[in-house]
Amino acid sequence: QSAQTDPNMPFTRIDPVHFETDELTVPETFAWVPLIRWGDPLFTDSPTFDAMNQTAQAQAKQFGYNCDYTDVIRLDDLNALLVVNHEYTNENIMFPADQLANDLDRVRSVGRAAHGFSVVELKRPRVDAPWEVVVGGAKNRRFTTDETEFVFTGPAAGSDLLKTVEGDKVRGTLGNCSGGTTPWGTVLSGEENFHGYFRSAGTSATDKRYGLADNETVRGWEHQDPRFDARNAGYENEINRFGWIVEIDPMDPTSTPRKHTSLGRFKHEGANIRVDQNNAVAAYSGDDERFDYLYKFVSANKYVEGDRAHNMTLLEKGSLYVAKFTGNSPASEIDGSGKLPSDGAFDGTGEWLPLMVNGKSVVDGFSDAEVLVYTRLAADKVGATKMDRCEDVQPSPTTGKVYVACTNNSKRGTAGKAAPDEANPRTENRDGHIIEIAENGDRADATMFRWNILIVAGDVAQGDATYFSGYPADKVSPISCPDNLAFDSQGNLWISTDGAPDGIGYNDGLFRVGLEGTERGLVEQFLSVPRDAETCGPVVHDDEKHVFVAVQHPGEEGTFEEPHSYFPDYAANGARSITSEPNAANFAGPRPTVVQVLP
Ligand code: FEO
Ligand code: CA
Ligand code: CA
Ligand code: CA
């Protein structure tokens, strides 16, 4: 039996699962239920999923592909809202080879309709029953690439840098990775790998810094819609309209979603809000690129409990900072091996370096709009610390400390690249690490902080140099490539992973970590996802012993004809599994799915 990290939800941790295993594994006293799959209907007039005859019109009324950020917002005991994004598509397993070769209009238009967001009403007949989708629920909504209009807020809104021949509104949101639900009940999500959707001349400093090139894109949307090629007259700035934090209001299906320029433009993993004891509001966000930065936005205004209309404006004006980490051990003791320095900790102090103060640029040579649209270049000028791919950054609701998942960085310390430092201490960091930040004075608007590394990930059984805040490394579950983060009601951190198969050779999973007392650093694996999948969400309702994960890109290395995965429509969990409705008759392959785990 697990230790006392959560009296609400004891479980016996699972063993790591070999990376070619096509199973969803949960602790022996739990079962899992598919909640909603790619292609499932949202509306009363949604067509039935038909893998051989997909259309954009059908997909726009069905659940989209590859969910990352996930929340289940309980409205009362028997009603909830599922809010999820649809980060990207795996055309190689969504469509038969014949269509991939000969029916690209279909493939491309369905792909655009499978990106975006879904809001889905859930209900249950009693509190210990699994949640069920309400087809045709009044709040059900799909956001798609072609159809859904967003507006910009903040200092760069209205700037010429954000205008195209279509004006200054923008259609769609792309590459939505992690996110966060705000204290005022909206959902934030980060537009992460947006560069992959656009062709560009690739010659400017900004193009290069954002990874834009004069190459045909993977999905080839530029052949169908001129806005995906920045070389087309009138669409030079279309690409500037992606790479933002978006905020959607799941409570109002008629609301216009927003892209907040105040939080800057980069490969936003997501954003999470902290409201401190003085009602100051911070939004933390990582730029998920090797050697890119960690950011914090501080609202110009305070949170007002109960005033939703006011709180909805908090991300429109404020100050934007980028993090500089300084270690307290001699550089000579950070040798890249992951071995602790002689003071026994990777730790030190940090500074939030200002880029914008109350909506005004403080970076030489950058206008207000330029800091926000070309944030990476502005941050380069102020001496921010190059990080090992900041993924989710999440404040603890119980302590206010902030946790930064640095997923990995295969290039750290290699020729011509930044050397290891105390905040990113491993050469060719394969397994990643997690940094804990304590703001000075426990204030969300502090400009200085203290930090330490909570976990240096890896598998001690394979000889990796690991660290679990002093917890014996041979007593924890092996873990690699931390990505999305969440907290339970007891203040434990839950970590989902993406990339473990390539590193320590296990399927990705979900892990609980104690943060306080004798259980600080105790990592216990709760769940393992099927072959080729990444674990997303997660959502932990430990008061009800419920966990939700989005199983993203199951079987992504396979093909339509030769699937790597048959998730979720198999009975992979032995006698305890609960299968969904039979799979579509003409489709055997995997379907990205949001799963509920329950006793
Ligand atoms: Fe979509 Fe940074 O993971
Ligand atoms: Ca130290
Ligand atoms: Ca992620
Ligand atoms: Ca990731």
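The chain has the name PhoX family phosphatase in an unreviewed UniProt entry, where Pseudoclavibacter albus is given as its organism.

J.: Looking at this structure, I do not really get the overall build of the chain. What am I missing?
T.: Scanning the chain from N- to C-terminus turns up nine helices and 29 strands. Against the 2.2 N^0.38 benchmark of 25 Å for 599 residues, the chain shows a C-alpha radius of gyration of 23 Å, consistent with a compact globule. Its C-alpha atoms give the chain principal-axis dimensions of roughly 65 × 60 × 50 Å. The buried share of the chain, reckoned over its 599 residues, is 55%.

J.: When you look at the sheet that holds strand S24 (residues 493-497) in this model, what are you seeing that I'm missing?
T.: Paired through their backbone hydrogen bonds, the strands of a sheet run either parallel or antiparallel. Judged by pairing direction, the sheet is antiparallel, and its four strands sit side by side in the order S23-S24-S25-S26 without closing on themselves. The sheet is open, and its two borders are formed by strand S23 (482-487) and strand S26 (523-528), each paired with just one other strand. Here the strands of the sheet are splayed against their neighbours by 25° on average, with no regard to which way each runs. As paired elements, S23 and S24 share four bridges and run antiparallel to each other. Of the residues in S24, the one forming a bridge with Pro-482 is Thr-497.

J.: Would you take a moment to explain helix H4 (residues 104-114) for this structure?
T.: Since there are 3.6 residues in each turn of an α-helix, residues three or four apart along the chain are aligned in direction. Buried within H4 are the following residues: Arg-108, Ser-109, Val-110, Gly-111, Arg-112, Ala-113 and Ala-114. Residues of H4 that are buried in the fold lie against helix H1 (56-59), strand S3 (79-86) and helix H2 (91-94). Once H4 finishes, Gly-116 follows within two positions and takes phi at roughly 120°, a positive value.

J.: Can you walk me through the environment of Thr-186 in this structure?
T.: By the secondary structure assignment, Thr-186 is in the loop between strand S9 (176-181) and strand S10 (187-191). Distance in space between the C-alpha atoms of Thr-186 and Val-83 is 9.7 Å, their sequence separation being 103 residues. Residues in contact with Thr-186, not counting those within four places in the same chain, are Glu-247, Ile-248, Asp-249 and Met-312.

J.: Can you walk me through the nonpolar core in this structure?
T.: Nonpolar side chains in soluble globular proteins generally cluster together in the buried interior. Counting residues in hydrophobic clusters, the biggest one holds 145 residues, and the most contacted among them are Leu-82 and Val-404. If you look at the next biggest cluster of nonpolar residues, it comprises five residues, including Val-17, Cys-481, Ala-500 and Ile-504.

J.: Would you take a moment to explain the pairing of strand S14 (residues 281-286) for this structure?
T.: A regular strand places its side chains on the two faces of the sheet in alternate fashion. Taken across its six residues, S14 has six buried, putting it largely inside the fold. Across the two faces of S14 the burial is the same, with Val-281, Ala-283 and Ser-285 and Ala-282, Tyr-284 and Gly-286 all buried. Where strand S13 (residues 272-275) lies against S14, four bridges are found, and the strand directions are antiparallel. Bridge pairing in S14 links Arg-274 to Ala-282. Between S13 and S14, which pair antiparallel in sequence order, lie five residues; one of them, Asn-279, sits at a positive phi of approximately 70°. For S14 and strand S15 (residues 294-299), the ladder comprises five bridges, and the chain directions are antiparallel. Counted as the bridge partner of Tyr-284 is Lys-296 from S15.

J.: Would you explain helix H8 (residues 375-382) in this entry?
T.: Those residues of H8 that sit buried are Thr-375, Arg-376, Ala-378 and Ala-379. Buried residues of H8 fall within an arc of 160° about the axis and therefore sit on the same side. Against helix H5 (205-209), strand S16 (318-327), strand S17 (347-357) and helix H7 (368-373) lie the buried residues of H8.

J.: Just checking my understanding: could you explain the environment of Ile-14 for this structure?
T.: Counting through the fold element by element, Ile-14 comes out in the segment before strand S1 (31-37). In the structure, Ile-14 is positioned 513 residues away from Leu-527 in sequence and 6.8 Å away in space, judged by C-alpha atoms. Setting aside residues no more than four positions away along its own chain, Ile-14 makes contact with Thr-25, Pro-27, Gln-525 and Ser-528.

J.: Explanation requested: the sheet that holds strand S29 (residues 593-598) in the structure shown.
T.: Ordered in space as S1-S29-S28-S27, the four strands form an open sheet in which the pairing is antiparallel. One side of each edge strand has no neighbouring strand; the edge strands of this open sheet are S1 and strand S27 (534-541). This sheet shows a mean twist of 25° between the axes of neighbouring strands, independent of strand direction. Note: S1 against S29, six bridges, orientation antiparallel. Counted as the bridge partner of Trp-32 is Val-597 from S29.

J.: Which parts of the structure should I look at to understand the pairing of S16?
T.: Within S16, eight of the 10 residues are buried, which leaves the element mostly enclosed by the surrounding structure. Pairing of S15 with S16, which is carried by five bridges, proceeds in the antiparallel orientation. Residue pairing in the sheet places Val-298 in a bridge with Ser-319 of S16. Where S16 and S17 come together, eight bridges link them in antiparallel fashion. Residue pairing in the sheet places Thr-326 in a bridge with Thr-349 of S17.

Analysis parameters
Here the residue numbering is sequential within each chain, running from 1 through the sequence in written order. Labels are handed out in written order, letters beginning with A for the chains and numbers beginning with 1 for the ligands. Only residues with pLDDT of at least 70 get local features here, since the model is predicted, and only at 80 or more are side-chain atom pairs given and counted; chain-wide, interface and lining totals rely on the full set of residues. Secondary structure elements are defined from DSSP: runs of H or I of at least 4 residues count as helices, runs of E of at least 2 residues count as strands, and each element is numbered from the N terminus. For the radius of gyration, the atoms used are the C-alpha atoms, and the globule rule reads 2.2 Å times the number of residues raised to 0.38. Here a residue counts as buried when 20 or more other C-beta atoms sit within 10 Å of its C-beta, as exposed when there are 12 or fewer, and as partly exposed otherwise, the C-beta atoms being derived from the backbone. Paired strands are those between which DSSP finds at least two bridges. Interaxial angles span 0 to 180 degrees and are taken between N-to-C directions of axes, which are lines fitted to C-alpha atoms, for helices over the stretch in contact. Residues are scored as being in contact if the C-beta atoms we place from backbone atoms lie within 7 Å. Connectivity within a nonpolar core runs through C-beta atoms within 7 Å, and the core itself is a set of buried Ala, Val, Leu, Ile, Met, Phe, Trp, Tyr and Cys residues. Relevant arc is that of directions from the helix axis to the C-beta atoms, nothing else.

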